[in-house]
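Breakdown of the fold
Single-letter residue listing:
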Amino acid sequence: MSNATITVLPGDGVGPEVTAQALDVLRAVEEKYGHTFTVHRRRVGLDAITAEGVAISDRTFDICAASDAILFGAIGSLPGGHTGGGPRPEQALFRLRKEFGFFANLRPVRPPEALHGASSLKPEYLKGADLVFVRELSAGLYYGRLETVPGKPSEIRRTPGATEAVDTLLYTEAEIERVVRAAFDIAVGRTGKVTSVDKANVLSSSVLWREVVERVAGDYPAVTYEHMLVDACAMRLIRTPADFDVIVTENLFGDILTDEASMLTGSIGMLPSASLGTRRTAGGTFGLYEPIHGSAPDIAGQEKANPLGAILSAALLLRHSLGLEREAAAVEKAVDTVIADGHRTADLEEPGRTPVGTAEMGRHVVEALRHP
Ligand SMILES: NC(=O)c1ccc[n+]([C@@H]2O[C@H](COP(=O)([O-])OP(=O)(O)OC[C@H]3O[C@@H](n4cnc5c(N)ncnc54)[C@H](O)[C@@H]3O)[C@@H](O)[C@H]2O)c1
């Protein structure tokens, strides 16, 4: 039996709609398996700016810090909002990621067989596809800043004769090692294969990346691994996605490849994510869990949002922060069951058929969990 504290940050737009379903699923897990989850619900994003004047208050931040995990919905401005100064919704996520040191972003891509027809790939290419990305989230090209870190310039230089721009892709050995270890740890619990993606034929940072992978791999004799150039990986992801198990890569490559891979499932509403740091909890690692989509203002308040990405994020929370693998697998199985039973929200429904609403989809998952 687990006693855990979870902070729920529903946010804006469809965020509260999908997190409500994920929370119902966590309540059903609590009931079925005899756990106790203490839930703190707090404002974030535009919702917090409107009520509290900041995207995330210090009080909310402290409550998150004292929790085992954060379940996050989505944040976003209203169309046409926040063009000037003042607080912006996304500042909340940046603060959470930075101050909690979330360096590993996990994004599982597991298109259920019944959804293969919804993908932009031919169904036969998706057979057996079940992979997880581990993207480095806290360093690399996106973190070059001359003004804060000398030697890591990111700037446009204008002189009378010419204009040039520079960005810096810098990784320390330690930054590479911790994310590579996270990937190998995950591979141990899966089929045991890591694909490390880099551009070692061109980039020094990738040469170091390979060296670190070679060294870390020595500690995981049960895990097989390979190195793959990022351009080859982009091609193979849509050619033979079933060849992959765990893919670990640096920040920029991961940003691009995970968006490419998200299309294997047919809808952005299906995909969960986890962002993990180093702080240990009683059952695992402190983390932030969220569907990969945004606040979707175009469908908010209409019962059209697919809650499965949020529900699958709750499954990741159970697995990685609470150490409840059996429960996580049960939630994932319940999602597979409702999909196999033909329930579809509007994003996945075939033309001419009536989709189920957000809350109804959530109820189907709870039902499938209670009566597998
Ligand atoms: N992590 C986050 O909170 C996050 C991520 C991305 C974007 N955003 C913010 O969200 C706002 C809207 O951004 P956007 O429109 O570019 O991206 P979005 O992900 O909100 O929406 C993109 C498209 O996907 C659809 N969609 C999104 N979630 C869905 C779901 N659960 N079910 C069905 N369809 C879904 C939307 O209707 C829209 O057509 C912006 O303010 C953006 O900054 C936040």
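Residues numbered from 1 in each chain as written. Predicted model: local features only at pLDDT ≥ 70, side-chain atom pairs only at ≥ 80, totals over all residues.

**Let's talk about the sheet that holds strand β9 (residues 224-229)**
Condition: A pair of strands is treated as paired once DSSP finds two or more bridges between them. In DSSP terms, a helix is any run of H or I states spanning at least four residues, a strand is any run of E spanning at least two, and both are numbered starting from the N terminus. To get an axis, a line is fitted to the C-alpha atoms, and for a helix only the part in contact is used. The angle between two axes follows their N-to-C directions and goes from 0 to 180 degrees.
Taking strand neighbours across the sheet as the criterion, the 10 strands line up as β2-β1-β3-β12-β11-β4-β5-β10-β8-β9 in an open arrangement whose pairing is mixed. Two strands lie at the open edges of the sheet, namely β2 (36-41) and β9, each paired on one side alone. Each adjacent strand pair in this sheet contributes to an overall mean axis angle of 20°, direction not counted. Pairing of strand β3 (residues 69-74) with strand β12 (residues 285-291), which is carried by three bridges, proceeds in the parallel orientation. Bridge assignment links Ile70 to a residue of β12, and that residue is Leu288.

**Thoughts on helix α6 (residues 173-188)**
Which entries qualify depends on this criterion: Expected span of a helix: the number of residues minus one, times 1.5 Å. Note that contacts rest on C-beta atoms placed from the backbone: two residues are in contact if these are within 7 Å.
Here α6 spans 22 Å end to end across 16 residues, near enough to the 22 Å set by a 1.5 Å rise per residue. Buried positions along α6 lie against β4 (104-109), β5 (131-136), β8 (193-198), α7 (204-217), β10 (246-249) and β11 (272-280).

**Regarding the nonpolar core**
Rule in force here: What we call a nonpolar core is a set of buried Ala, Val, Leu, Ile, Met, Phe, Trp, Tyr and Cys residues whose membership is set by joining through C-beta atoms within 7 Å. Comment: burial labels come from other C-beta atoms within 10 Å of the residue's own C-beta, placed from the backbone, where a count of 20 or more is buried, 12 or fewer is exposed, and between is partly exposed. Boundaries of every domain are those given by an automatic assignment or by a domain database.
Counting residues in hydrophobic clusters, the biggest one holds 104 residues, and the most contacted among them are Val25, Val134, Ala183, Ile311, Ala314 and Val331. Per-element accounting of this core gives the leading share, nine residues, to helix α10 (residues 308-320). In this structure, this core is formed jointly by two domains, domain 1 (1-103 + 266-372) and domain 2 (120-141 + 168-265), each of which donates at least three residues.

**A closer look at the pairing of β5**
Along β5, six of the six residues are buried, which leaves the element largely enclosed by surrounding structure. What you see with β5 is no split at all: Leu131, Phe133 and Arg135 on one side and Val132, Val134 and Glu136 on the other are buried throughout. Pairing of β4 with β5, which is carried by six bridges, proceeds in the antiparallel orientation. Note that in β5 the partner of Pro108 across the bridge is Val132. Two elements, β5 and β10, share four bridges in a ladder whose sense is parallel. In the strand pairing of β10, Val134 is matched with Val248.

**Observations regarding the site of the ligand**
This is how it is decided: Here is the check we use: build the C-beta atom from the backbone, and if it is within 6 Å of the molecule or strand, call the residue near. For this scheme, ten residues count as nonpolar: Ala, Val, Leu, Ile, Met, Phe, Trp, Tyr, Cys and Pro. Four count as charged, namely Asp, Glu, Lys and Arg, and the remainder, Gly too, count as polar.
Taken together, 22 residues are adjacent to the ligand, and Gly76, Gly269, His293, Gly294 and Asn306 come closest. Here the residues of the shell around the ligand are counted per class, giving 10 nonpolar, eight polar and four charged.

**Topic: the domain arrangement of the protein**
Frequently, the measure chosen for interface size is the accessible area removed from exposure when the parts meet. Per the domain assignment, the segments of the protein are domain 1 (1-103 + 266-372) and domain 2 (120-141 + 168-265). Residue-level contacts link 12 residues of domain 1 with eight residues of domain 2. Across the side of domain 1 that touches domain 2, the residue classes tally to seven nonpolar, four polar and one charged.

**Quick word on the packing of α10 against helix α11 (residues 325-340)**
Applied cut-off: Each angle is binned into one of four classes, with values under 35 degrees roughly parallel, values over 145 roughly antiparallel, values of 65 to 115 roughly perpendicular, and all other values oblique. By the definition used in this description, the sense in which the near helix is turned from the far one sets the handedness, with an anticlockwise turn below a right angle giving left-handed and a clockwise turn giving right-handed.
Interhelical geometry of α10 versus α11 gives an angle of 165° and a closest axis separation of 7 Å. Taken together, the axes of α10 and α11 lie roughly antiparallel to each other. With respect to the hand of their crossing, α10 and α11 are arranged in left-handed fashion. Contact with α10, carried on its side by Leu308, Ile311, Leu312, Ala314, Ala315, Leu316, Leu318 and Arg319, involves Glu325, Glu327, Ala328, Val331, Glu332 and Val335 of α11 and no other residues of that element. Split into classes, the residues belonging to the contact of α10 with α11 amount to 10 nonpolar, no polar and four charged.

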